[in-house]
Amino acid sequence: MIMDPLYLIVIAVVVGFILVMSLIKRYKRCPSDKILVVYGNTGGSSAKCIHGGGAFIWPVIQDYAFLSLTPISIEANLTNALSRQNIRVDVPCRFTVGISTESDSMNNAAERLLGQSSDQIQELARDILFGQLRLVIATMSIEEINSDRDKFLENISKNVEAELKKIGLKLINVNVTDIKDESGYIAALGKEAAAKAINEAKVSVAEQDKIGEIGRAEAERDTRVKTSAANAIAVQGENTAKIDIANSDAARREKEAEALKIAMTAEKVQQARALQEAYAAEQLAEQARAERERSTQQANVIVPEEIEKQRRIIEAQAEAEKIRENAKGQADAIYAKMEAEAKGLYQILTKQAEGYEKMVKAAGGDPQSAYQLLLIEKLPELVKTQVEAIKNIKIDKITVWDNLGGQDGNTTTAGFISGLMKAVPPLGDLFNQAGMNLPDYLGTKIDAGKTKALPQKPKTPENTVKKEENPTSEK
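These figures come from a predicted structure and were not determined experimentally.

Q: An account of the overall build of the chain is requested, with residue identities and associated values reported.
A: Along the chain, the regular secondary structure elements total 10 helices and 11 strands. By the burial criterion, 17% of the 475 residues in the chain qualify as buried. Residue pairs at least 24 apart in sequence account for 68% of intrachain contacts in the chain once pairs closer than 6 positions are excluded.

Right, here's the structure in full:
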């Protein structure tokens, strides 16, 4: 059964659409809080990590997974950690870690953490943190741990980050709470620091009381001196202020007058500028109107003339093309006619040549006999031609002077008629010219040199009779 082509096209379109949608679904975009890990055939590396953007996942030979960048909070309450002074301390800490987005760290995370749950990653990181935290405490004294927290946190960060990087993690934050020890050394240090601080505070209080009494007396003295000086300065200041007020009033009036002048000038300038812009706008409007009129005239006059010119050119070209086509047709007709006539003439001559050839063969191969046969065939036409030679001769009037006598009994009129007939070539001469003899029943051959002339009588007035004849035709 042959399927309808339209049905096949629909099937092909549907299959193509399904394939395109399948390929589009294989393109995976990576969110900002995740790392896209492409594994399988990735060009030699164990995995290809992408943070941001996307990648096309080839079917069958590749697959993908995501690593979350969400920070993980790990509580690491370290107890009985041995310090450099061999004093055991308790260091409660809380670490915040996450998967690093550096290229090397992402590859490490893809190799060691892909497929692990958040709890498994947290447990793995906790083991590393405990070990490194013990190592840092073992290199520091109690005083350094308790007092220099910045150094303590810096040492923790250096050791922990190097180890976390091996599995693709990085340290985000460290928070250390109260540090305690079993021997009470830290508490003693606290009491000592507290007592020292109390004593220093008492000394500072007494010193401050003494400084306060002296300062109060000096303050009263300075108050009186400064009050008198202030009063004098105040009076001087009042006078100066009055002068300044007067000067300020004068300057204000001057500035107001100058501002008024500037305002009036600016107003005039703006009015003049407005008039100038109005005149310029009117000029532009007039120019636009003139251009519109020019365009109108061009559209009404020039454009129709151009159209008429193009129409005449097209008509002339069409007429010339028509003439050329007619001339070409006539030439083709003349050529065809001449070619047909040439072909007809060629056929006639060819048939005549074939007839002559057959006639020569019929005459036994003698061309002279064939020629004589052909001439005999044309004899009726020759006789007809002789008759036609004098058939249409019109003689209006013949005047004959006859003496009613002549040699051998022939009259002059008979001689005239005989001479007229001799003007037509006789059949015997025609046969002689053709190399043939006329049959005896048509006449005998007479030598041209033995022809006898008839005797004629001399003309006299007595025996001459004038005769007038007006024949219309003689045969």
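Now, onward.
Q: A description of the packing of helix H3 (residues 118-138) against helix H5 (residues 149-165) should follow, citing residues and the corresponding values.
A: Their axes nearest at 9 Å, the elements H3 and H5 cross at an angle of 140°. Judged by the angle between their axes, H3 and H5 are oblique. The crossing of H3 and H5 is right-handed. Along its contact with H3, which presents Ala125, Ile128, Leu129, Gln132, Leu133, Leu135, Val136 and Ile137, the element H5 presents Phe152, Asn155, Ile156, Asn159, Val160, Glu163 and Leu164. Class assignment of the residues belonging to the contact of H3 with H5 gives a composition of 11 nonpolar, three polar and one charged.

Q: Residue-level account of the nonpolar core, with values.
A: Of all hydrophobic cores here, the largest spans 42 residues; its most connected members are Phe95, Ile137, Phe152 and Leu164. Looking at this core, the element that brings in the most residues is H3, giving seven residues. Ranked by size, the runner-up nonpolar core spans six residues in total, among them Cys30, Leu36, Val38 and Ile50.

Q: Which residues make up the packing of aromatic side chains, and what values go with them?
A: All told, the structure shown has two aromatic pairs when counted by the stated rule. Here the aromatic rings of phenylalanine 56 and tryptophan 58 are separated by 4.8 Å at their centres, their planes lie at 85°, and the arrangement is edge-to-face. Ring geometry for tyrosine 64 against phenylalanine 66: centres 5.8 Å apart, planes inclined by 80°, an arrangement best described as edge-to-face. For tyrosine 64, a relative accessible area of 26% gives the class partly exposed.

Q: How would you sum up the sheet that holds strand S2 (residues 34-40)? Please name residues and give values.
A: Ordered by their spatial adjacency, three strands build an open sheet running S3-S2-S5, and the pairing between neighbours is antiparallel. The outermost strands of the open sheet, each flanked by one partner alone, are strand S3 (47-50) and strand S5 (62-68). In this sheet, neighbouring strand axes are inclined to one another by 25° on average, regardless of whether the strands run parallel or antiparallel. Note: S2 against S3, four bridges, orientation antiparallel. Residue valine 38 lies in a different strand from S3, and its bridge partner there is lysine 48. Those strands touched by helix H2 (residues 103-112) are S2, S3 and S5, and its axis lies near 125° from that of S3.

Q: Which residues make up the pattern of salt bridges, and what are the values?
A: One pass over the full model with this rule turns up 19 salt bridges. The salt bridge involving arginine 289 is made with glutamate 286; its shortest N-O contact spans 3.0 Å. Of this pair, arginine 289 and glutamate 286 both sit in helix H6 (residues 185-362), separated by three residues, roughly a single helical turn. Classification of arginine 289 as partly exposed rests on a relative accessible area of 43%.

Definitions and cut-offs
Residues numbered from 1 in each chain as written. Predicted model: local features only at pLDDT ≥ 70, side-chain atom pairs only at ≥ 80, totals over all residues. Heavy atoms only, no water. Helix = DSSP H or I, 4+ residues; strand = E, 2+ residues; numbered from the N terminus. Buried < 20%, exposed > 50% of the residue type's maximum accessible area, 1.4 Å probe, protein only. Contact = heavy atoms within 4.5 Å. Axes fitted to C-alpha atoms, helices over the stretch in contact; angles between N-to-C directions. Parallel < 35°, antiparallel > 145°, perpendicular 65-115°, else oblique. Left-handed = near helix turned anticlockwise from the far one by under 90°. Nonpolar A, V, L, I, M, F, W, Y, C, P; charged D, E, K, R; others polar. Core = buried A, V, L, I, M, F, W, Y, C linked by side-chain atoms within 4.5 Å. Phe/Tyr/Trp six-rings, centres within 6.5 Å; stacked < 30°, edge-to-face > 60°. Pairing = 2+ DSSP bridges. Salt bridge = Lys/Arg side-chain N within 4 Å of Asp/Glu carboxyl O.

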